[in-house]
Amino acid sequence: MKKNYLGLDVLRGLGIFVLLTMHTAFYHFEGLYDLDLNNPPPVVTVIGLMLMFAGIFAMVSAIAHTTQYLRKRRQLGYDHAKLLKYNTINALLILVVAYLYFIFTGPGIVNMAARSMNNSIFVEWFATGKLIGTNMERLWYIDSLVMLGTNVLLMGLVFVALEKLFKKKVTPTHYLILGLAFFVLSMIRIPLYPLYLEAYESKNWLVLSVLNPLVSKNNPIFPYFSFALIGMWIAMLLAQKDWKRVVKNVLPVGITLFVVGVVAYLVLPDTMLQRGIDPIWFAIMTAQLGLFQLMIVFALWHYDIKNPKLKLSPLSKFIARFGVAGLSIFFIESTFSAMVARIIRTFIPTFSLDIAGSLLFGLSLAVFWGFVLILWEKKNYKYGIEYFIAKTLRKYGKSEKQEKLEGKLQ
């Protein structure tokens, strides 16, 4: 069974690279609060869509984790208890990193109406010189890392549950049906979201505790666990070592979902930048659920299937490093960009960025991090977040992540 797919590393790395660029561009754009969300510039709409691409990480993560579940079960002989223990600790470590990130170093939460930014502790410190604490809005926020940690926890439970229920007769189709059913069920987020907002405003902590992980404004279980389930489906197909069957199954599903989502998006009123939880939101999610499957199939075909002994080009290698150790960069990028902007304003008090300037600023910092990773790779990415997670997990079982950091996983 293949331990690692280069295509997933490149795709994950590309996602992180783009996210680093767009984060910086979005939060350092001087005209952010003056945007007309009813008639935004096309480039702003594109940035908004790209910042909603958390689902690609959910799907790629699910393929990688499910591949390792299968390997641990079939090749390494883990029983269900050992697999669940390893997976649960992995999920909890991701969640710890997620909350540390969003409290201390993560990006701001924009309030367009109040023309204000709810920053993390270090970002606010570098941006304004003020040392602040955190607040409930940041603690309740479900960012992409919280979503990934939650998905990993749930994936382990689903994997073991299906194995126990169907024993050796578990098929990829079980995961496809479960994924599509969960995605349709995710429409429940539309009527539940107003109840969530009402609970938030009235500080009804009991209701909020239940609804927040399920339907909150950003990256909740509905619908993002369906992206994970579809990723598990693709991983199960890949485990059968029949690429034609993968293509035959994934392409029709991916194309259908993408076309349906795009048509719905074009027909419905455009409320995308208003970030409402409404039919246009579900149309975007539908299109993304299909698009990400197609992107994954193409990446796997190009990097793993077409030429199994393919050596990455310099550009692909540059991007793939973000897929190996990008979490460490992601953790500090908002703080770093705030620090750089503060230093520039010390020498140029009138420093400000239009859309083009903010995109160039974001791209420049992302490229800078790419060169940092080139140097760091020579030290096996020691002492980064991935390094410490892998080192901790090694106590509970074989860590494929540690092998990847050391360049041993093929």
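Worth saying up front: this structure is predicted, and the values here are computed from it rather than measured.

For the rest of this paragraph, the subject is empty space enclosed by the protein. The full count for this structure, using the stated rule, is three cavities of 30 Å³ or more. Space inside the largest cavity adds up to approximately 860 Å³. Forming the boundary of the largest cavity are 41 residues, of which Arg12, Ser61, His65, Ile94 and Lys401 lie nearest the centre. Elements represented by at least two residues in the lining of the largest cavity include exactly helix 1 (6-27), helix 3 (54-74), helix 4 (80-105), helix 7 (144-166), helix 14 (314-347), helix 16 (385-393) and helix 17 (400-405).

Estimated volume of the second largest pocket: approximately 520 Å³. In terms of lining, the second largest pocket is formed by 24 residues, of which the most central are Tyr27, His28, Met117, Asn119 and Ala127. Those elements that place two or more of their residues in the lining of the second largest pocket are helix 1, helix 5 (121-128) and helix 14. Residue contributions to the lining of the second largest pocket peak at seven residues, all from helix 14. Of the residues belonging to the lining of the second largest pocket, the class tally is 11 nonpolar, eight polar and five charged.

Another aspect to go through is helix 15 (residues 355-377). Compared with an ideal rise of 1.5 Å per residue, which puts 23 residues at 33 Å, helix 15 spans 33 Å between its outermost C-alpha atoms and is within 8% of the ideal. Regarding helix 15, the residues found buried are Ile355, Gly357, Ser358, Phe361, Gly362, Leu365, Ala366, Trp369, Gly370, Leu373 and Trp376. If you follow the buried residues of helix 15, they end up packed against helix 1, helix 2 (42-50) and helix 14. Where helix 15 begins, the side chain of aspartate 354 points an oxygen toward the backbone nitrogen of alanine 356, at a separation of 3.3 Å.

Below, the discussion takes up the packing of helix 3 against helix 11 (residues 221-239). At their nearest, the axes of helix 3 and helix 11 sit 7 Å apart, and the two run at 45° to each other. It follows that helix 3 is oblique to helix 11 by the angle criterion. The element helix 3 and its partner helix 11 pack so that their crossing is right-handed. On the side of helix 3, the interface is formed by Ala54, Gly55, Ala58, Met59, Ala62, Ile63, Thr66, Thr67, Tyr69, Leu70 and Arg74, while helix 11 contributes Tyr224, Phe227, Ala228, Ile230, Gly231, Met232, Ile234, Ala235, Met236, Leu238 and Ala239. In terms of residue class, the contact of helix 3 with helix 11 is made up of 17 nonpolar, four polar and one charged.

Rules of the game
Residues numbered from 1 in each chain as written. Predicted model: local features only at pLDDT ≥ 70, side-chain atom pairs only at ≥ 80, totals over all residues. Heavy atoms only, no water. 1 Å grid on protein atoms, 1.4 Å probe; cavity = no way out; pocket = protein on both sides within 12 Å on 5 of 7 lines; lining within 4 Å. Points joined across faces, edges and corners; volume = space filled by probe spheres on them. Helix = DSSP H or I, 4+ residues; strand = E, 2+ residues; numbered from the N terminus. Nonpolar A, V, L, I, M, F, W, Y, C, P; charged D, E, K, R; others polar. Expected span 1.5 Å × (residues − 1). Buried < 20%, exposed > 50% of the residue type's maximum accessible area, 1.4 Å probe, protein only. Contact = heavy atoms within 4.5 Å. Polar contact = N/O pair within 3.5 Å; in protein donor to acceptor, adjacent residues only side chain to side chain. Axes fitted to C-alpha atoms, helices over the stretch in contact; angles between N-to-C directions. Parallel < 35°, antiparallel > 145°, perpendicular 65-115°, else oblique. Left-handed = near helix turned anticlockwise from the far one by under 90°.

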